[in-house]
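Observations on the model geometry
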Protein chains: 6
Amino acid sequence: MIYVTRKSHFNAAHRLHNPNKSEEWNKTTFGKCNNPNWHGHNYILEVTVAGVPDPDTGYVIDLGILKKIIEEKILDKCDHKNLNLEVPFLKGIIPTSENLVKAFFQELEDDINRVAFDTSTLYCVKLFETERNIAEYCPNPRI
Amino acid sequence: MIYVTRKSHFNAAHRLHNPNKSEEWNKTTFGKCNNPNWHGHNYILEVTVAGVPDPDTGYVIDLGILKKIIEEKILDKCDHKNLNLEVPFLKGIIPTSENLVKAFFQELEDDINRVAFDTSTLYCVKLFETERNIAEYCPNPRI
Amino acid sequence: MIYVTRKSHFNAAHRLHNPNKSEEWNKTTFGKCNNPNWHGHNYILEVTVAGVPDPDTGYVIDLGILKKIIEEKILDKCDHKNLNLEVPFLKGIIPTSENLVKAFFQELEDDINRVAFDTSTLYCVKLFETERNIAEYCPNPRI
Amino acid sequence: MIYVTRKSHFNAAHRLHNPNKSEEWNKTTFGKCNNPNWHGHNYILEVTVAGVPDPDTGYVIDLGILKKIIEEKILDKCDHKNLNLEVPFLKGIIPTSENLVKAFFQELEDDINRVAFDTSTLYCVKLFETERNIAEYCPNPRI
Amino acid sequence: MIYVTRKSHFNAAHRLHNPNKSEEWNKTTFGKCNNPNWHGHNYILEVTVAGVPDPDTGYVIDLGILKKIIEEKILDKCDHKNLNLEVPFLKGIIPTSENLVKAFFQELEDDINRVAFDTSTLYCVKLFETERNIAEYCPNPRI
Amino acid sequence: MIYVTRKSHFNAAHRLHNPNKSEEWNKTTFGKCNNPNWHGHNYILEVTVAGVPDPDTGYVIDLGILKKIIEEKILDKCDHKNLNLEVPFLKGIIPTSENLVKAFFQELEDDINRVAFDTSTLYCVKLFETERNIAEYCPNPRI
């Protein structure tokens, strides 16, 4: 089992806010991350595929194709966007890093599994909101 | 002449938009940076002071004091904020990195020059909007 | 299961030395790391919590609270200190990175598990002694 | 179980090419990575050993000895070399990152397991071909 | 005067070799960098333009246009290429970092100066051959 | 004029303390950096040489030779040492980054100027005490 990772970047605005709760609850819970005028980040996204290399190519997945899938499914929809307002697949989700990695995983899974060699599959999605705050989602067991 | 630099971080939302121009001009000129729903960055800020070290302390400037000035004059006002809407000293300025470094320099200059040793003075302000896009303002000659 | 990581820094002096062994054994075993006049590092500490996000907040753990726990339990005790002489919870421990990550894990575990959402728990402690020398302690199985 | 990692660098030329396939297949499959005049990388190599620290030294493995093994078995053979033409243990292998991490693991395994404390063993080999393209091989289960 | 920098990457093979000198001189002078089978690097290129921001846009130069010029004049010609054999504007040049930054500056100068605002001009080209070996060319005086 | 930079690392213990001043003055002035039990850093050192490349080699200075000079004059004397107690050329100097860059420059100057091509000379010494605190000494005018 070999793990192949592709790293990408995007910039976006967001705000942590739960619309089912009061203004006060949101302010107390999320502090300055609740600012109604938004703030933003240079997100770093790492997508990891696990599998066995194709003996003809030596590839678990063609990183050029993986790059294109990440661009189409994530970057084109999130880069220079407002994650609360403008990304259809994030509708109704509070855009914490925890929720983002899970949503990104689900968004990427089918396309990646279709093109990865043989039984290779999407393994992890990792997101750096800042250099110091990081979330990772790896739902499948490590084999 | 010794150059001392302090590096800081802040996150903010912004949008490139010139209110004196048409929507179309703005869209053509600034592209996705003109998105009316904002986007944002993890800015990295480097502030450089030039001078001769105090023989008693070996300091051109006490970096703890420099850190506090940067926090009070820049970070507290810009971190988790909207640079177009919420920062008084940026009022009327299109928040490109070029304009930000100049505004930050002017905001920092008096306080830093007052506490720096002897003839030491603020020399440069450098801003990384992303890891790949950087602006620097150094108005005084290199001696 | 989502993994959330907070990255911190501290600077400290240390020395690798086993007081139950001879000077010669120490010198041969630890080389220049045994220098009796100490040396030091800019340590980078990564603390990872594993769990399920709280549906109200989208947080596995509030990173602001995690940051405060790391500050109180580790940084306040270790930053700008001598790890052999001044840190009570490191008493009797040779401060290799291996031993430090285990001691840091035990120091952090109770406080983090108490504030993390539901069944979320401290998962890993990782320490960069230098950019090139790294240790990690993850005693619980990956679920 | 504690994981200890040593990070190294080397520079090398390579080319992705499967000699059992046609020129056209190679060009289509590997694109500019198939350039017959070669291209190259600053590879970053991370070698991770898993084990229990020796109570006398606090070491899972002496990182000075690990460094020497990596130098002898990998860096001396690969640094400033052509990975397709000049490295005996890579003979017949298409030098994708996936194939390189597996070959490096096999090259390192015996020497590392011999010197690591007690039951400590080589756990993972990770290779950064670029900052954005990464492969990792961890054949043994995480205990 | 404001300095704006754009950072890019490319991978290439090269070899240090002076064809006017003997094999022995080349081997002694350039050591393993003279390897006839080539080696390679992940080059990082920083291009800096100095000028006054356009009051309408806040730009010294549109970084999207600067990016395109760097791609056309440098990256398309050098990425995944052999710098000794395949880059017309490097013909006859020993590809040390010193010689590369000068050649890159001359290649970029006209196009950049034409599109930069008003009197803004190309100021510096900086090249990281590795993280540790760096060259910079800044032929014009700092104003 | 081309600027060539070599980056190095070393780890050391130090303490900010002026022996001509009272304990109280030292504690107030230097805070936790005055800790009598020392603290330490992973220093990053950048040494820059300015000059014209030798037409035969394309080198301003052979970086292998520059590396060796930095090792002999700085790293061998400072790495894994106590900068206040064990480095002869730092005797009587309060080891702030400002004072260190000046002392390192003077220590390196003669050897570097002797081996650099033609009129090439040592231009700058830059020291990162931490990722965020940096000092630079460039006594000669930029030509």
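Up top is the structure.
What counts, and at which threshold
Residues numbered from 1 in each chain as written. Chains lettered and ligands numbered in written order. Predicted model: local features only at pLDDT ≥ 70, side-chain atom pairs only at ≥ 80, totals over all residues. Heavy atoms only, no water. Least-squares fit on C-alpha atoms with pLDDT ≥ 70 in both. Contact = heavy atoms within 4.5 Å. Buried < 20%, exposed > 50% of the residue type's maximum accessible area, 1.4 Å probe, protein only. Helix = DSSP H or I, 4+ residues; strand = E, 2+ residues; numbered from the N terminus. Arc of directions from axis to C-beta. Buried area = accessible area lost by both parts, 1.4 Å probe. Salt bridge = Lys/Arg side-chain N within 4 Å of Asp/Glu carboxyl O. Polar contact = N/O pair within 3.5 Å; in protein donor to acceptor, adjacent residues only side chain to side chain. Nonpolar A, V, L, I, M, F, W, Y, C, P; charged D, E, K, R; others polar. Pairing = 2+ DSSP bridges. Disulfide = S-S within 2.5 Å. Axes fitted to C-alpha atoms, helices over the stretch in contact; angles between N-to-C directions. Parallel < 35°, antiparallel > 145°, perpendicular 65-115°, else oblique. Left-handed = near helix turned anticlockwise from the far one by under 90°. Phe/Tyr/Trp six-rings, centres within 6.5 Å; stacked < 30°, edge-to-face > 60°. Lys NZ or Arg CZ within 6 Å of the ring centre and 35° of its normal.

1. Overview of the relation of the copies chain B and chain A
When chain B is brought onto chain A, the operation consists of a screw motion whose angular component is 180° and whose axial shift is 0.0 Å, with 0.0 Å RMSD remaining. Taken together, the turn and the small shift mark the pair as related by a two-fold rotation axis. A high fraction, 100%, of the interface residues of chain B reappear at the interface in chain A, so the copies pair face to face through one surface.

2. A look at helix H1 (residues 23–30) of chain C
All names here are of chain C. For H1, the set of buried residues is Asn26, Thr29 and Phe30. Along the axis of H1, the buried residues cluster in a sector spanning 75°; they form a single face. Set apart from the buried face of H1 by more than 90 degrees, the exposed residues are Glu24, Lys27 and Thr28. Following H1 by one or two positions, Gly31 has its phi on the positive side, about 55°.

3. Digging into the interface of chain E and chain F
Contact residues are listed per partner, giving 23 residues for chain E and 20 residues for chain F. When the buried surface of chain E facing chain F is broken down by residue, E:Glu98, E:Arg132 and E:Ile134 rank first, second and third, together holding 37% of it. At the junction of chain E and chain F, the tally comes to 2 salt bridges. A salt bridge links F:Asp56 to E:Lys21, with the nearest nitrogen and oxygen atoms 3.3 Å apart. Inspection of the region where chain E meets chain F yields 9 residue pairs in polar contact (both at pLDDT 80 or more). Among the elements of the structure, helix H1 (23–30), helix H3 (97–115), strand E4 (121–128) and strand E5 (133–137) of chain E are those that each provide at least two residues to the side of chain E that touches chain F.

4. Observations regarding the environment of A:Ser97
Residues and elements named next belong to chain A. Tracing the sequence through the fold places Ser97 in helix H3 (residues 97–115). Sequence separation between Ser97 and Asn133 is 36 residues; the distance between their C-alpha atoms is 8.4 Å. In contact with Ser97, other than residues within four places in its own chain, are Leu127, Glu129 and Ala135. At 3.3 Å, the side chain of Ser97 forms a polar contact with the side chain of Glu129.

5. A look at the environment of C:Asp79
Tracing the chain through its elements places C:Asp79 in the loop between helix H2 (63–78) and strand E3 (81–82). Note: C-alpha distance between C:Asp79 and C:Asn20 (59 residues apart in sequence) is 27 Å. Those residues within four positions of C:Asp79 in sequence are excluded, and the remaining contacts are C:Phe10, C:Asn11 and F:Lys32. Here the side chain of C:Asp79 touches F:Lys32 through a polar contact of 2.7 Å, side chain to side chain.

6. Here's the deal with the interface of chain B and chain A
Taken together, the contact between chain B and chain A spans 22 residues of the former and 22 residues of the latter. For chain B, the biggest contributors to the area lost against chain A are B:Asn37, B:Asn42 and B:His80; these three give 34% of the whole. For the salt bridge of A:Asp79 with B:Lys32, the shortest nitrogen-to-oxygen distance reads 2.8 Å. Elements supplying a minimum of two residues to the side of chain B that touches chain A: strand E1 (2–14), strand E2 (39–51) and strand E3 (81–82) of chain B. Considering only residue class, the side of chain B that touches chain A consists of 5 nonpolar, 11 polar and 6 charged.

7. Here's the deal with the pairing of strand E4 (residues 121–128) of chain F
All names here are of chain F. Burial of E4 is extensive: 6 of the 8 residues sit out of reach of the surface. In the sheet, strand E2 (residues 39–51) pairs with E4 via 7 bridges, with the strands oriented antiparallel. Bridged to Leu45 within E4 is Leu127. One ladder, built from 4 bridges, connects E4 with strand E5 (residues 133–137); its direction is antiparallel. Bridge pairing in E5 links Phe128 to Ile134. Here E4 folds back onto E5, and the loop between the two strands holds 4 residues.

8. Structural notes on the state of the cysteines
Residue and element names in this part refer to chain D. On inspection of all chains with the given rule, the structure shows 6 disulfides over all chains. Across a sulfur-sulfur distance of 2.0 Å, Cys124 and Cys138 are joined as a disulfide pair. Between Cys124 and Cys138, the S-S dihedral sits near 110°, and the bridge is therefore right-handed. In this pair, Cys124 sits in strand E4 (residues 121–128) while Cys138 sits in the segment after strand E5 (133–137), placing the two residues 14 residues apart along the sequence. Given a relative accessible area of 3%, Cys138 falls into the buried group.

9. What to know about the packing of helix H2 (residues 63–78) of chain B against helix H3 (residues 97–115) of chain B
Residues and elements named next belong to chain B. For the pair H2 and H3, interaxial distance at closest approach is 10 Å and the crossing angle is 155°. Of the possible angle classes, the one that applies to H2 and H3 is roughly antiparallel. Crossing hand, H2 versus H3: right-handed. Across the interface between the two elements, Ile65, Leu66, Ile69, Ile70, Lys73, Ile74, Lys77 and Cys78 from H2 touch Phe104, Glu107, Leu108, Asp111, Ile112 and Val115 from H3.

10. As for the arrangement of the chains
The two units chain B and chain C never meet; even their closest C-alpha atoms stay 14 Å apart. The least C-alpha distance between chain D and chain F, which are not in contact, is 14 Å.

11. As for the environment of B:Leu45
Residue and element names in this part refer to chain B. Here Leu45 is to be found in strand E2. By relative accessible area, which is 0% here, Leu45 ends up buried. With 36 residues separating them in the primary sequence, Leu45 and His9 have C-alpha atoms 6.0 Å apart.

12. Thoughts on the packing of aromatic side chains
Summed over the entire model, instances satisfying the criterion amount to 42 aromatic pairs over all chains. Taken together, a centroid distance of 5.2 Å and an interplanar angle of 80° make the contact between E:Phe105 and E:Tyr137 edge-to-face. Of this pair, E:Phe105 sits in helix H3 while E:Tyr137 sits in strand E5, and the two are 32 residues apart along the sequence. For the pair formed by E:Phe105 and E:Tyr137, the shared burial category is buried. Across the ring face of B:Trp25, the terminal group of B:Lys21 is positioned such that the distance to the ring centre comes to 5.1 Å.

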